[in-house]
Amino acid sequence: MNAETWAAAQSSPEFAQLRKRLRNFVFPVSALFLVWYLVYVLLADYAHGFMSIKLVGNINVGLVLGLLQFVSTFVITTWYVRYANKNLDPVAEQIRENVEGGGK
């Protein structure tokens, strides 16, 4: 494959659509997760009383929110995989077929 093939693929409407779909998912979800993480860190640093509220036995709010950080990571990963399978992979496959077909 040559440079013209890659340049044509990159300037295609399909590639622009793929980039737009990826950005429409990644940017808002990343911002939301970073805000959620920052809130957790700020609570841990400045809201000791709130974070030390016991819920059950030795389980307190801080521990639950810390564990929810892991849960949210897995939820976002699952959400992204489903989104990519439905909205990104078909377009990427089409671009790949066009590039491979055009490069032969």
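Residues numbered from 1 in each chain as written. Predicted model: local features only at pLDDT ≥ 70, side-chain atom pairs only at ≥ 80, totals over all residues. Heavy atoms only, no water.

Going by an unreviewed UniProt entry, the protein carries the name DUF485 domain-containing protein and comes from Saccharopolyspora mangrovi.

Draft legend 1. Main features of the side chain of serine 72. Its place among the elements puts serine 72 in helix α4 (residues 61-103). Of the polar contacts made by the side chain of serine 72, one reaches the side chain of tryptophan 36; its length is 3.0 Å. Not counting residues within four places of it along the chain, the set of residues in contact with serine 72 comprises Phe33 and Trp36. (Helix = DSSP H or I, 4+ residues; strand = E, 2+ residues; numbered from the N terminus. Polar contact = N/O pair within 3.5 Å; in protein donor to acceptor, adjacent residues only side chain to side chain. Contact = heavy atoms within 4.5 Å.)

Draft legend 2. Molecular detail of helix α2 (residues 13-46). A rise of 1.5 Å per residue sets the reference length of α2, with its 34 residues, at 50 Å; its end C-alpha atoms lie 49 Å apart and thus fit the reference within 8%. Here α2 has its buried residues at Leu18, Phe25 and Val29. (Expected span 1.5 Å × (residues − 1). Buried < 20%, exposed > 50% of the residue type's maximum accessible area, 1.4 Å probe, protein only.)

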